[in-house]
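Spelled out, the chains give:
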Amino acid sequence: MSESAVVSVVRCSGYQPEKVLPAVRQSIQLLGGFQKFFKPGAKVFIKINHLAAVKPECAVTTHPVFLEAVLHLVKESGVLPVVGDDIEENFTVSGIEDVCRKMNVELVNLKHVKHRQAGNPENRWIRSAAVPEIVCKADCIINLPKLKTHAATLLTNAVKNIYGFFPFATRVNGHRLCPGGAEFSELLVDLYSLVKPHLNIVDAITGMEGEGPMAGKPVNIGLVIAGADAVAVDAVAGEIMGLKPEQVLSTKLSTQRELGTGDIEKIEIKGESIVSVRLKKISLPAPPWYEYIPSNILKKAAGQLRVRPAVIQRKCIGCSDCFSRCPAGAIVMKDKKAVIDYARCLGCLCCQEVCRQKAIRSKRNIVGNIIMKVYFFKRAVTYVLLKLKI
Ligand code: SF4
Ligand code: SF4
């Protein structure tokens, strides 16, 4: 049994601070304490799950009281961590901003920080992607996912929460490349191979069932689940939700690629046994409509979502920075101007990031623009419905 395949499971019946703090403390003590993961003065980055700017009661985001408990314990261990996620909206409604202010901790939107390339030549879908520099430089990455069902991947937890490290364009292109659940799970594992957290502490006090990760119903799970191996943590969380590791493809594929231990027999569980806390029945999301469409047709449709770089010729000074950075060799320099070969372009937009002349813009075709407008409209409607529920 590998040392990292130890997962702690601790009961916690609600979000009252006097319940959450001892539960999180015990979950870490069962793993050997924070001293196993970082030393005083280390650079620690805490990745929350902040899918949308909605209230904590919606069970969409990491609960602010949960974050506060983790911050309290991390600071007690001699570290001033940084908290963040890559978001389009704000950290205010979810209560995350208030907690970070109260705890005197820096909160960053990863959308606005510097990125650097990380790569894995063994990946199938994404071999290279931009990762926030602050995350690359951290001595310890603590992942705080919310345990929820997910329409495409069945479960969203520790491995899936890594998706939020990558820029919005990479995430949109990920959905374009892999519109079906099986391929998307494989892509998730590709990205997980680029950034692996050192410690995962799951907010499974109230999770989500049904049409997760955004429009499902909050479900009382009453647990804190923690472990160094995100794959093992997902396997245990899945079992508690009534899902076998082979049903959750990201767990199965990560195990096959030896990125973690998803075999429940090989995981040491400390604290509560799975049998004693397993949920009787949760409702799973209906397979999304696109699972019924042949994948070649689906890919063509999803191709419309592709975000592409476009060079503004009059601004380009021919410095070749984009040429050097492009992971796909899709840029050539012609007459001291950058020219993009769209047949090779992956749509990662690293060229745009590196261009100091602002000579590269991102664009989408008309059909893609309409699809995205419908997508944001649907998201806005879901947001309003969630607000009305409270
Ligand atoms: S980085 Fe910008 S300015 Fe430099 S060659 Fe590329 S497009 Fe032109
Ligand atoms: S041209 Fe730009 S967007 Fe396309 S693969 Fe190269 S760096 Fe990425």
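Residues numbered from 1 in each chain as written. Chains lettered and ligands numbered in written order. Predicted model: local features only at pLDDT ≥ 70, side-chain atom pairs only at ≥ 80, totals over all residues.

A. Broad picture of the overall build of the protein chain. Within the protein chain one finds 14 helices and 16 strands. Buried residues in the protein chain amount to 45% of all 390 residues. (Helix = DSSP H or I, 4+ residues; strand = E, 2+ residues; numbered from the N terminus. Buried ≥ 20, exposed ≤ 12 C-beta atoms within 10 Å, placed from the backbone.)

B. Representation of the nonpolar core. Formed by 105 residues in total, the largest nonpolar core has its most connected members in Val70, Leu191, Val202, Leu223, Val224, Ile225 and Val236. Top element by residues in this core is helix H8 (residues 230-240). It accounts for 8 residues. The residues contacting Val70, other than those within four sequence positions of it, are Val24, Ile46, Ile142, Leu144 and Ile201. (Core = buried A, V, L, I, M, F, W, Y, C linked by C-beta atoms within 7 Å. Contact = placed C-beta atoms within 7 Å.)

C. Fine view of unusual backbone geometry. The backbone of Ala59 shows a phi angle near 60 degrees, a positive value even though the residue is not glycine. Tracing the backbone shows Ala59 in the loop between strand E2 (44-48) and helix H2 (64-76). Taking the C-beta count within 10 Å as the criterion, Ala59 has 26 such neighbours and is therefore assigned buried. Positive phi outside glycine occurs at Asp335, with the angle close to 50 degrees. With respect to the helices and strands, the residue Asp335 is situated in the loop between strand E14 (331-334) and strand E15 (337-340). When the 7 C-beta atoms within 10 Å are taken as the criterion, Asp335 is described as exposed.

D. Here's a closer look at the pairing of strand E11 (residues 217-227). Sheet topology note: the strand E1 (residues 6-11)/E11 ladder contains 5 bridges and is antiparallel. Of the residues in E11, the one forming a bridge with Val7 is Gly227. For strand E10 (residues 199-209) and E11, the ladder comprises 9 bridges, and the chain directions are antiparallel. Directly across from Ile201, in E11, lies its bridge partner Ala226. (Pairing = 2+ DSSP bridges.)

E. The site of ligand 1, seen in detail. Near ligand 1 there are 14 residues, and of these Cys316, Cys319, Asp321, Cys322 and Cys355 occur at the shortest range. Residue composition of the shell around ligand 1, by class: 10 nonpolar, 3 polar and 1 charged. (Near = placed C-beta within 6 Å. Nonpolar A, V, L, I, M, F, W, Y, C, P; charged D, E, K, R; others polar.)

F. Inspection of the environment of Gln26 at higher detail. Inspection of the secondary structure puts Gln26 in helix H1 (residues 17-29). Here Gln26 falls in the partly exposed class, since 17 other C-beta atoms lie within 10 Å of it. Between the C-alpha atoms of Gln26 and Gly271, which are 245 residues apart in sequence, the distance is 8.9 Å.

G. Structural context of the packing of H1 against H2. Running from amino to carboxyl end, H1 crosses H2 at an angle of 55 degrees, the nearest separation of the two axes being 9 Å. Of the possible angle classes, the one that applies to H1 and H2 is oblique. Here the hand of the crossing between H1 and H2 comes out right-handed. Facing Pro17, Val20, Leu21, Val24, Arg25 and Ile28 of H1, the residues of H2 in contact are Val65, Phe66, Glu68, Ala69, Val70, His72 and Leu73. Residues that form the contact of H1 with H2 fall into these classes: 10 nonpolar, 1 polar and 2 charged. (Axes fitted to C-alpha atoms, helices over the stretch in contact; angles between N-to-C directions. Parallel < 35°, antiparallel > 145°, perpendicular 65-115°, else oblique. Left-handed = near helix turned anticlockwise from the far one by under 90°.)

H. Spotlight on helix H9 (residues 249-256). For H9, the tally of buried residues reaches 6 of 8 residues, placing the bulk of the element in the interior. Among the residues making up H9, those that are buried are Leu249, Ser250, Thr251, Leu253, Ser254 and Thr255. Buried positions along H9 lie against helix H5 (158-161), helix H7 (181-192) and H8. Just downstream of H9, Glu258 is the residue with a positive phi angle, here 55 degrees.

I. Spatial organisation of the environment of Lys266. You can see Lys266 is positioned in the loop between H9 and strand E12 (268-271). Residue classification places Lys266 among the partly exposed positions, given that 13 C-beta atoms sit within 10 Å. For the pair formed by Lys266 and Val6, sequence separation is 260 residues and the distance between their alpha carbons is 9.0 Å.

J. View of the packing of H8 against H9. In contact at an axis separation of 10 Å, H8 and H9 are set at 145 degrees when each is read in the N-to-C sense. Considering how the two elements wind past one another, H8 and H9 form a crossing that is left-handed. Residues Val231, Asp234, Ala235 and Gly238 of H8 form the contact with H9, whose own contacting residues are Ser250, Thr251, Ser254 and Thr255. When its residues are assigned to classes, the contact of H8 with H9 shows 2 nonpolar, 5 polar and 1 charged.

K. Quick look at H2. Taking 1.5 Å per residue as the helical rise, H2 with its 13 residues ought to reach 18 Å, and the 18 Å between its terminal C-alpha atoms agrees with that figure. All of the buried residues in H2 are Pro64, Val65, Phe66, Leu67, Glu68, Ala69, Val70, Leu71 and Val74. Looking at the buried positions of H2, the neighbouring elements they touch are H1, E2, strand E3 (82-85), helix H3 (96-102), strand E7 (140-144) and E10. Note on H2: the residue one or two positions beyond its end, Gly78, has a positive phi of about 90 degrees. (Expected span 1.5 Å × (residues − 1).)

L. Focus on the environment of Lys363. Positionally, Lys363 belongs in strand E16 (residues 360-363). Put simply, Lys363 and Pro309 are 54 residues apart on the chain and 6.2 Å apart in space, counted from C-alpha to C-alpha. Dropping the residues within four chain positions of it, Lys363 is found in contact with Arg308 and Ala310.

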